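Residues per chain, in single letters:
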Amino acid sequence: MFVEATMDRDALEEALNSAYFKHKGTYFDARNTSPEVIDDIEHMEIRDDDVFLVTYPKSGTVWAQQILSLIFNEGHRNGTEQVVNVNRVPWVEYNVRNMDYKSRPSPRLFSSHLPYYLMPRGLKHRMGKILYVCRNPKDVMVSYYHFIRILPHLKFTMDWETFFEVFLLGRVQGDSWFDHVRGWYTHKEDFNILIVTYEEMKRDLRSVVKKICKFMGVNLDEKAIDTVVKRATFKNMKRDPLANYDFVSNEKLDKTKGSFLRKGTVGDWKNIMTVAQSEKIDKIYWEKMGNLPINFLWDLNEETAS
Ligand code: A3P
């Protein structure tokens, strides 16, 4: 039974408690992982050429999975191999026990939503490479709101006002956006890391692809870069069966209610957020992130930096 939008506080609390568990300071989706799996990750052996893509949920993970897949796998780029992205860049926190990552050929690519302090210890010694993608919290929140509506196992829906509060309380998988981004940003010196924003990818994808190639030490000629950029646009990913997540069953992702690749824009928050809500986020943003030199664009038409 789905708990409806206007559910009372106790029912909401109960639904959230059964959907997520808190472990070592952050919330995880109870269907997909367990505390034991999370604990194992710390001990994962790291190779120097491992690549970890890390994001807070709804920040462009699947987009970056596609980019990394195309950069590293020629067979993906030239269409001779048909492997879905999520298998090329598998999730550590969902799969670390059963994906036989030790026998994966190098360079191994992984995805994760983990906070910096739960990552494999080896990475903290600047081994391996991390690509961290972050997105402005207003668009993340809106994307997340639509996303939970297509996850049947959550057994709840929430109206926007309720989700707004739940998100700011960090009662979602990934916990608080502010803690995640701040944590990674302020610990970047501990890792071999490249931080890029969703908005800069939107504004100039080609430059970001080149930046990623340089950081990864992968030399692609201009034609190959063109192919990566072309296949990573929203429009092309939406119709790419290896990248659009349509391969996930309706049981796990109810595609009758929406798509994983929903709008792919910057500034969609303006369509749903009230002025008061937007100002509330601005205030929290400045309190928690104001002293960090991260530049988010809140709208592609504005050059507002914060
Ligand atoms: P929207 O819901 O705002 O459309 P994640 O993969 O971390 O869950 O993030 C999903 C968000 O990234 C969704 O945002 C999705 O549409 C967007 N996205 C995925 N591929 C994209 C692309 N090629 N270009 C722009 N946005 C993309």
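As a reminder, the structure under discussion sits directly above these lines.
A brief report on the enclosed structure follows. Going along each chain's sequence as written, the residues are numbered from 1 onward. For this predicted model, a pLDDT threshold of at least 70 governs which residues receive local features, and a threshold of 80 or more governs which side-chain atom pairs are given and counted, while totals over whole chains, interfaces and linings are taken from all residues. Computation of side-chain values: all heavy atoms of the structure, hydrogens and water removed.

So, about the overall build of the protein chain. In this description a helix means any DSSP run of H or I spanning at least four residues, a strand means any run of E spanning at least two, and both kinds are numbered starting from the N terminus. Within the protein chain, the regular secondary structure consists of 14 helices and six strands. Atoms counted for the radius of gyration: C-alpha only. Globule rule: 2.2 Å times residue count to the power 0.38. Computed over the C-alpha atoms, the radius of gyration of the protein chain is 19 Å, within 12% of the 19 Å expected from 2.2 N^0.38 for a compact globule of 306 residues. Principal axes of the C-alpha set define a box for the protein chain whose edges measure 55 × 45 × 40 Å. Residues counted as buried form 57% of the 306 residues belonging to the protein chain. Considering only residue pairs separated by 6 or more positions, the protein chain has 71% of its internal contacts joining residues 24 or more positions apart. Only the protein chains shown count as cover for residues, and the accessible areas themselves come from Shrake-Rupley with a 1.4 Å probe. With an accessible surface of roughly 13,900 Å², the protein chain has 50% of that area assigned to carbon and sulfur atoms. Here the term buried applies to any residue with accessible area under 20% of the maximum for its type, exposed to any over 50%, and partly exposed to those in between, with areas from a 1.4 Å probe on protein chains only. Contacts: residue pairs with any heavy atoms within 4.5 Å of one another.

Inspection of the secondary structure assignment puts aspartate 268 in the loop between helix H13 (234–238) and helix H14 (275–289). A residue is classified by how much of its surface remains accessible, and aspartate 268, at 6% relative accessible area, is buried. A 3.5 Å cut-off defines polar contacts: any pair of N or O atoms within that distance qualifies, except that in protein one atom must be a possible hydrogen donor and the other a possible acceptor, and neighbouring residues in sequence count only when both atoms are side-chain atoms. One polar contact links aspartate 268 to lysine 263, side chain to side chain, over a distance of 2.8 Å. For aspartate 268, the residues in contact, after removing those within four places along its chain, are Asp139, Val142, Arg262 and Lys263.

Turning our eyes to something else, we now look at the sheet that holds strand E4 (residues 109–112). Taken together, four strands build an open sheet; the order of strands is E4-E3-E5-E6 and the sheet is parallel. The sheet terminates laterally at E4 and strand E6 (193–197), the two strands that pair on one side only. The mean inter-strand angle of the sheet, taken between neighbouring strand axes irrespective of direction, is 20°. Should DSSP find at least two bridges between two strands, the strands are taken to pair. With four bridges joining them, strand E3 (residues 51–55) and E4 adopt parallel strand pairing. The residue of E4 that forms the bridge with phenylalanine 52 is phenylalanine 110. Between N-to-C directions, angles span 0 to 180 degrees; the directions come from axes that are lines fitted to C-alpha atoms, helices contributing only their stretch in contact.

What follows deals with the site of the ligand. Near the ligand you find 18 residues, and of these Thr61, Ser143, Tyr198, Lys263 and Gly264 are the closest. One nitrogen or oxygen atom from the main chain of glycine 60 is found 3.1 Å from an oxygen atom belonging to the ligand. Between the ligand and the protein, one listed contact pairs an oxygen atom with a backbone N or O atom of lysine 263 at 2.6 Å. Protein chains shield 98% of the accessible area of the ligand, which is 570 Å² for the free molecule. Top contributing element to the shell around the ligand by residue count: helix H3 (residues 61–72), with three residues. One heavy atom suffices: a residue is near a molecule or strand as soon as one of its heavy atoms comes within 4 Å of it.

Here we come to unusual backbone geometry. Cis geometry is found at the peptide bond from serine 106 to proline 107, where omega equals -5°. Note on placement: proline 107 falls in the loop between helix H6 (92–95) and E4. Unusually for a residue other than glycine, lysine 24 sits at a positive phi of about 50°. Checked against the element boundaries, lysine 24 lands in the loop between strand E1 (20–23) and strand E2 (26–29). A positive phi angle is found at aspartate 175, which is not glycine, with a value near 65°. Tracing the backbone through its elements, the reader meets aspartate 175 in the loop between helix H8 (160–168) and helix H9 (177–186).

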